[in-house]
Amino acid sequence: MKQLYLVTVRITLILGVLSYLITVGIAFVGHGFVIGVLSASLPLLSNAYWAVNLWDSPEIFHTYYVNSQIALSILILLSIALNKISRK
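Computed from a predicted structure; not experimentally measured.

Draft legend 1. Seen up close, the packing of helix H3 (residues 43–53) against helix H4 (residues 60–86). At their nearest, the axes of H3 and H4 sit 9 Å apart, and the two run at 135° to each other. In this view, H3 runs oblique relative to H4, as classed from their interaxial angle. Seen from above, H3 lies across H4 with left-handed handedness. Here Asn 47, Trp 50 and Ala 51 of H3 lie close against H4, whose contacting residues are Tyr 65, Val 66 and Gln 69.

Right under this line is the structure:
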């Protein structure tokens, strides 16, 4: 169980960093410097905000972005659950 936890945490960290960079990029390109800096300073809140904001967007990139945010959220919850299980 410990090995599964370690693999899940590594995947979550890699996807989390990629998601953060893409979120900041979306904010900078779409809405300018101030919103980009705000998104960079509040990573979890900005990821949730942009996922909800882009939920109905017809662009295929935004669809992939929203789906990746959902997958990242599931991985975070799975990592927390595996951490609790592996400590017992």
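Draft legend 2. Fine view of helix H1 (residues 2–31). The terminal C-alpha atoms of H1, which comprises 30 residues, lie 42 Å apart, in line with the 44 Å expected from a rise of 1.5 Å per residue. Of all the residues in H1, the buried ones are Tyr 5, Thr 8, Thr 12, Ser 19, Thr 23, Val 24, Ile 26 and Ala 27. Elements that come into contact with the buried residues of H1 comprise helix H2 (33–41), H3 and H4. Looking one or two places after H1, you find Gly 32, whose phi comes out positive at around 100°.

Draft legend 3. Quick peek at the packing of H1 against H2. One can describe the packing of H1 onto H2 by two numbers: an axis separation of 7 Å at closest approach and a directional angle of 160°. Compared by their axis directions, H1 and H2 come out roughly antiparallel. Of the two possible hands of crossing, H1 and H2 adopt the one that is right-handed. Of H2, the residues touching H1 (which contributes Tyr 20, Val 24, Ala 27, Phe 28 and His 31) are Phe 33, Ile 35, Gly 36, Val 37, Ser 39 and Ala 40. Tallied by class, the residues present in the contact of H1 with H2 amount to 8 nonpolar, 3 polar and no charged.

Draft legend 4. Quick peek at H4. For H4, which comprises 27 residues, the first-to-last C-alpha distance of 38 Å matches the rise-based estimate of 39 Å (1.5 Å per residue) to within 8%. Here H4 has its buried residues at His 62, Tyr 65, Val 66, Gln 69, Leu 72, Leu 75, Ser 79, Leu 82 and Asn 83. Tucked into the core, H4 has its buried residues touching H1 and H3.

Draft legend 5. Main features of the nonpolar core. Residues Ile 26, Ala 27, Trp 50, Leu 54, Tyr 65 and Val 66 constitute the largest nonpolar core, which totals 6 residues. Mapped onto this core, the elements with two or more residues apiece are H1 and H4. With residues up to four places along the chain from it excluded, the contact list for Val 66 reads Ala 51, Leu 54 and Trp 55.

Draft legend 6. A look at the UniProt feature "transmembrane region" (unreviewed entry) in the chain. Per the UniProt record, "transmembrane region" (unreviewed entry) is found at residues 12–42 and 62–82. The distance separating the terminal C-alpha atoms of residues 12–42 is 18 Å; by composition the span is 94% helix and 0% strand.

Draft legend 7. Highlighting a nonpolar patch on the surface. A cluster of nonpolar side chains, namely Phe 28, Val 29, Phe 33, Val 34, Ile 35, Val 37, Leu 38, Leu 42 and Leu 45, defines an oily patch on the protein surface of about 900 Å² accessible area. Going through the elements one at a time, H1 and H2 are the ones with two or more residues in the nonpolar patch. Residue contributions to the nonpolar patch peak at 5 residues, all from H2. Mapping Val 29 onto the fold places it in helix H1.

What counts, and where the lines are drawn
- Residues numbered from 1 in each chain as written.
- Predicted model: local features only at pLDDT ≥ 70, side-chain atom pairs only at ≥ 80, totals over all residues.
- Heavy atoms only, no water.
- Axes fitted to C-alpha atoms, helices over the stretch in contact; angles between N-to-C directions.
- Helix = DSSP H or I, 4+ residues; strand = E, 2+ residues; numbered from the N terminus.
- Parallel < 35°, antiparallel > 145°, perpendicular 65-115°, else oblique.
- Left-handed = near helix turned anticlockwise from the far one by under 90°.
- Contact = heavy atoms within 4.5 Å.
- Expected span 1.5 Å × (residues − 1).
- Buried < 20%, exposed > 50% of the residue type's maximum accessible area, 1.4 Å probe, protein only.
- Nonpolar A, V, L, I, M, F, W, Y, C, P; charged D, E, K, R; others polar.
- Core = buried A, V, L, I, M, F, W, Y, C linked by side-chain atoms within 4.5 Å.
- UniProt positions renumbered as here; feature names shortened; annotations may be inferred.
- Patch = residues over 30% accessible without salt bridge, like charges linked within 9 Å, V, L, I, M, F, W, Y side chains within 5 Å.
- Areas by Shrake-Rupley, 256 points an atom, 1.4 Å probe, with all protein chains shown as cover.
- Salt bridge = Lys/Arg side-chain N within 4 Å of Asp/Glu carboxyl O.

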